[in-house]
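# Structural overview
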Amino acid sequence: MPLFSPPRYQPAFAPVQRESSVAMRVFTAVERSLKGALFGCRMCGNCILQETAFACPMTCPKGLRNGLCGGATPEHCEVDPSRPCTWYVIYERAERMGRLDKLLEVNAPIDGSRAGRETWLDMLAHWRAQENGPRLMDLVLDREKFTEAWDRFFYELRQPDWWQGDAEYHPPAYEEPASGLEAALRLGDFVVTAEIAPPLGATGDIIEKKVGWLQDYVTAANFTDNASASPRMSSLAASKICLDAGLEPVMQLQARDRSRVIIEADAMGAAGLGIHNILCLSGDHQRFGPGPMAKPDQFDMDAVQVLWMLRRMRDEGVYLDGREIKNRPTWFLGAAASPFGAPPKYEAIRAEKKINAGAQFIQTQPIFDYGRFLEWLEALDKRNLLDKVYLLPGIVPLKTSRAAHFMAENVPGVVIPDELLQRMDAAESSEAQQEVGIAYALELIERLQKTPKINGVHIMAVHWEAIVPRLVEGAGLSKSVIYP
Ligand code: SF4
């Protein structure tokens, strides 16, 4: 076990090209051994230890470089329960060191050409090339000057020219709403979106049927993107079928299984097809799929990086490699949040990072515990986030008592109050249990409608989409504006 980080989940990288000199190969091997023993270093060649309280984020099985995933718990990592969550280690240590806000900077995905190569000589060369780099004597003579030079030096090292991540909020740089969903939210309507699971088979008939059920009730429908690492019809294809059937889609786009090139291509393709709402996700680890499990390194980027990259493509008109985009895409970008995952103060940092990177709306994991949801909201408020993003809390109408217990016990980030479990258990028939689930969902929607800064709800009635109209009508809601 390394001294400062959890153990590595994947082995260290090897250089793309073998170093030509023996001396360099020996130097690299020494660096790899030392940094491996201290930090579980994978030799990604893009070190951000100064920002992550000296725990290496590359020891996270998903390689997340911008914060924890929705399944993290204080006890262990969701992917490998034998290890702690790397990001819990980072947040807790950063908090002890008074450096929590350091975690707000949007870190770059790794540069594959640097992976496996030494960084110490590179750092030395960079330091020598700087005129006003940190000077050791200032450590004694002028501590403030030293800290400022030190921070600037490492910022330049970890933020390559092609990324230039920062910790600032970047509002969208366009005027007209990108989609009907954005138009409705801007108008101040209490908006309803709903999830439709893409089919397992090759026909769009089932999507058209479900769109028929929902199109008079919801402003947009989300299509999951191979959730739980289980293949289905692609989110892009399902979204297009939905659009053609007369309802606006929210295309979920996850980073897992996609390189940065494919993410750019799929998002651009979506815009070309008229799909303008994109929800950016890191994605579930391949361990949760039906198997055989894909090889371990399936994450080239994380959700924060996807948001940062797509926002810049849209607002600055450049691909990640710097090529100009002549006809810029129109996207309304969203993100997910997990109000019951990590402590609200950590989740709020994660949310701030996504909002700064480009998230304009957030759809959350299911809410059952209104009181605890308010704690998360308060944490966002403390960071002044509530006027920068539209919030659509997730609503899941529970169908059976068994499903309720399963979610409460097995799904990280889901908290179901005992009172609701008891109500479900007390209902004698499956129909009665459904009615309890529906009634509770309606109670929650009513409370959320009265909650300041809540802009709507996102209903996730998985394989029970037919219930959505009843929920919308029961809550006294109606479909928002049709745009354009
Ligand atoms: S729980 Fe998630 S964020 Fe934490 S180490 Fe595991 S995969 Fe990474």
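Note that the coordinates shown come from a computational prediction; the quantities given were computed from them, not determined experimentally.

We now examine the domain arrangement of the protein chain. Each assigned domain of the protein chain is listed with its residue range as follows: domain 1 (22-104 + 112-158) and domain 2 (180-474). Between domain 1 and domain 2, the contact holds 19 residues from the first and 20 residues from the second. Looking at the side of domain 1 that touches domain 2, its residues break down into ten nonpolar, six polar and three charged.

Attention now goes to the sheet that holds strand 5 (residues 332-337). Spatial strand order, 1-2-3-4-5-6-7-8: eight strands in a closed barrel with parallel pairing. Looking at each pair of strands side by side, their axes are set apart by 25° on average, direction ignored. Note: strand 6 (residues 361-366) against strand 7 (residues 390-395), four bridges, orientation parallel. From the neighbouring strand, Gln 363 faces strand 7, where its bridge partner is Leu 392. Sitting on the sheet, helix 10 (residues 303-316) is in contact with strand 3 (248-254), strand 4 (277-281) and strand 5, with an inclination near 145° to strand 4.

Right, let's get into the nonpolar core. Counting residues in each nonpolar core, the largest one holds 123 residues, and the members touching the most others are Ala 221, Ile 278, Cys 280, Val 306, Leu 307 and Leu 310. Per-element accounting of this core gives the leading share, eight residues, to helix 10. Formed jointly, this core draws a minimum of three residues from each of two domains, domain 1 (22-104 + 112-158) and domain 2 (180-474). Contacts of Cys 280, omitting those with residues within four sequence positions, involve Leu 253, Ala 303, Val 306, Leu 307, Leu 310, Leu 333, Gly 334 and Ala 335.

With that settled, the discussion passes to the packing of helix 10 against helix 11 (residues 344-357). In the contact formed by helix 10 and helix 11, the axes pass within 8 Å of each other and the chain directions differ by 20°. With respect to each other, helix 10 and helix 11 are oriented roughly parallel. In this structure, the crossing between helix 10 and helix 11 has a hand that is left-handed. Contacts between helix 10 and helix 11 involve Ala 303, Val 304, Leu 307, Trp 308 and Arg 311 on the former and, on the latter, Lys 353, Lys 354 and Ala 357. Looking at the contact of helix 10 with helix 11 residue by residue, the class counts come to five nonpolar, no polar and three charged.

In this section: the pairing of strand 2 (residues 220-223). The alternating pattern of strand 2 places Ala 220 and Asn 222 and Ala 221 and Phe 223 on opposite faces, both of which are buried. The sheet contact formed by strand 1 (residues 191-196) and strand 2 spans four bridges and is parallel. Bridging from a neighbouring strand, Ala 194 pairs with Ala 221 of strand 2. Tracing the backbone out of strand 1, into helix 7 (residues 205-214) and back to the parallel element strand 2 gives a crossover that is right-handed. Examined bridge by bridge, strand 2 and strand 3 share four bridges and lie parallel to one another. For Ala 221, the partnering residue across the bridge sits in strand 3 and is Pro 249. In this view, the connection linking strand 2 to its parallel neighbour strand 3 by way of helix 8 (residues 235-245) has right-handed handedness.

Once that is clear, we can look at helix 10. Along its 14 residues, helix 10 runs 19 Å from first to last C-alpha, staying within 8% of the 20 Å computed at 1.5 Å per residue. Extensive coverage of helix 10 is indicated by the burial of twelve of its 14 residues. Along helix 10, the residues classified as buried are Ala 303, Val 304, Gln 305, Val 306, Leu 307, Trp 308, Met 309, Leu 310, Arg 311, Arg 312, Met 313 and Arg 314. Along its buried surface, helix 10 packs onto strand 3, helix 9 (260-272), strand 4, strand 5 and helix 11. Gly 317 lies just past helix 10 and shows a positive phi near 70°.

What follows is about the environment of Gln 130. Within the secondary structure layout, Gln 130 lies in the loop between helix 3 (120-129) and helix 4 (136-141). When the C-alpha atoms of Gln 130 and Phe 288 are compared, they prove to be 47 Å apart, with 158 residues separating the residues in sequence.

Each value, and the rule that gives it
- Residues numbered from 1 in each chain as written.
- Predicted model: local features only at pLDDT ≥ 70, side-chain atom pairs only at ≥ 80, totals over all residues.
- Domains from an automatic or database assignment.
- Contact = placed C-beta atoms within 7 Å.
- Nonpolar A, V, L, I, M, F, W, Y, C, P; charged D, E, K, R; others polar.
- Pairing = 2+ DSSP bridges.
- Helix = DSSP H or I, 4+ residues; strand = E, 2+ residues; numbered from the N terminus.
- Axes fitted to C-alpha atoms, helices over the stretch in contact; angles between N-to-C directions.
- Core = buried A, V, L, I, M, F, W, Y, C linked by C-beta atoms within 7 Å.
- Buried ≥ 20, exposed ≤ 12 C-beta atoms within 10 Å, placed from the backbone.
- Parallel < 35°, antiparallel > 145°, perpendicular 65-115°, else oblique.
- Left-handed = near helix turned anticlockwise from the far one by under 90°.
- Right-handed = clockwise from strand over helix to strand, strands pointing away.
- Expected span 1.5 Å × (residues − 1).

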